[in-house]
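Examination of the molecular architecture
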Amino acid sequence: MKHLKILCFICILAALCFLSGCQKEEARQQASCPVDEETILSALKKTGLQGKISESETESYKDGHILYVVRSETETYDDPDNGVLVAGVSCAETEDGRMVSGTFDRLNTEQFSWEDWKQQIAFAALVYGGFDNEDAIYKAFCEKELPDSSPFVWEEELLGVRCSITYQPRSYKSYDDGGNVVYKYDAILRVDIYEQPSANK
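What counts and how
Residues numbered from 1 in each chain as written. Predicted model: local features only at pLDDT ≥ 70, side-chain atom pairs only at ≥ 80, totals over all residues. Heavy atoms only, no water. Buried < 20%, exposed > 50% of the residue type's maximum accessible area, 1.4 Å probe, protein only. Helix = DSSP H or I, 4+ residues; strand = E, 2+ residues; numbered from the N terminus. Contact = heavy atoms within 4.5 Å. Arc of directions from axis to C-beta. Salt bridge = Lys/Arg side-chain N within 4 Å of Asp/Glu carboxyl O. Core = buried A, V, L, I, M, F, W, Y, C linked by side-chain atoms within 4.5 Å. Axes fitted to C-alpha atoms, helices over the stretch in contact; angles between N-to-C directions. Left-handed = near helix turned anticlockwise from the far one by under 90°. Nonpolar A, V, L, I, M, F, W, Y, C, P; charged D, E, K, R; others polar. pLDDT = per-residue confidence, 0-100.

It is worth spelling out helix 3 (residues 118-128) at this point. Extensive coverage of helix 3 is indicated by the burial of 8 of its 11 residues. Along helix 3, the positions that sit buried rather than exposed are Gln-120, Ile-121, Ala-122, Phe-123, Ala-124, Ala-125, Val-127 and Tyr-128. Contact partners of the buried residues in helix 3: helix 2 (37-47), strand 4 (83-94), strand 5 (97-106), helix 4 (136-141), strand 7 (161-175) and strand 8 (181-195). Phi turns positive, to about 85°, at Gly-129, one or two residues after helix 3.

If you want it as structure tokens, here you go:
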């Protein structure tokens, strides 16, 4: 009986050590807040998004809040000096925990497809950190249908955090070289990832 108690104690101790190790591993995978430039560059490289951090638009605020702006070097808006917004990334430490918000612009897109935004969603997941793989958020959302009205919003709880994705299409008139009216369709996708208040208790 005494040996059985000792064996049970050892098993419990081993389990606690194992769980402690898992928690340390999970914490190690979490990105720091504020997010550093290396994290942004690494996420761009891993997802294949092409862009350069705009130093003039990247700003730091109080309490560790930081905003990074990544612009395309090849694709521009009507102004050739204004690169398309590849990613606008805001990271902050709030009372409820960490929050990462990513905003992405895409030109010439008439219909919504999750596949078209897979890289951007993976980018947001990598910046936030702590997911099993970079496609974790994409896989949780990719079967969801488009809601009835714009802006289109989806929400999901995943691995102890709340994920919200907002899709906002826009259209405008332009003119071709012959002066004919041409309608163009662009869209913005926003990915918000934040800790649930209960996760900090």
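Picking up after the structure, the text goes on.
Here helix 2 has its buried residues at Thr-39, Ile-40, Ala-43, Leu-44 and Thr-47. For helix 2, the arc enclosing every buried residue in end-on projection is 135°, short of the 170-degree limit, so these residues lie on one face. Every exposed residue of helix 2 that faces more than 90 degrees away from the buried side is listed here: Glu-38, Lys-45 and Lys-46. Looking at the buried residues of helix 2, the elements they touch are strand 1 (52-53), strand 3 (66-76), strand 4 and helix 3. The first or second residue beyond helix 2 is Gly-48, which carries a positive phi of 80°.

Moving on: the pattern of salt bridges. Inspection of the entire model under this criterion finds 7 salt bridges. Three or more residues joined by partner-sharing salt bridges are found here, namely Asp-105, Arg-170 and Asp-186.

Here we take up unusual backbone geometry. A cis geometry characterises the amide bond from Ser-150 onward to Pro-151, with omega recorded as 0°. A positive phi angle, close to 55°, is found at Asn-108, a residue other than glycine. Within the fold, Asn-108 resides in the loop between strand 5 and helix 3. Judged by relative accessible area, which is 60%, Asn-108 ranks as exposed.

In terms of nonpolar packing, the biggest core is built from 39 residues, with Ile-40, Ile-121, Phe-123, Phe-131, Ile-137, Ile-165 and Ile-193 touching the most fellow members. When residues in this core are grouped by element, the largest group, 6 residues, is from helix 3. Non-local contacts of Phe-123, meaning those with residues more than four positions away in its chain, are made with Ile-40, Ala-43, Leu-44, Thr-47, Leu-49, Ala-87, Val-89 and Phe-104.

What follows concerns the packing of helix 2 against helix 3. For the pair helix 2 and helix 3, interaxial distance at closest approach is 9 Å and the crossing angle is 145°. Crossing angle aside, the handedness with which helix 2 passes helix 3 is right-handed. Only Gln-119, Ala-122, Phe-123, Leu-126 and Val-127 of helix 3 make contact with helix 2, whose side of the interface consists of Thr-39, Ile-40, Ala-43, Leu-44, Lys-46 and Thr-47. For the contact of helix 2 with helix 3, the class distribution of residues is 7 nonpolar, 3 polar and 1 charged.

Here we come to the confidence of the model for the chain. Confidence along the chain averages 82 in pLDDT terms, with 81% of residues attaining 70 or more. Mean pLDDT across the elements of the chain bottoms out in helix 1 (residues 2-29) (35) and peaks in helix 3 (97). Note on residues 1-29: pLDDT is under 50 here. Beyond four places in sequence and across chains, it has 3 contacts.

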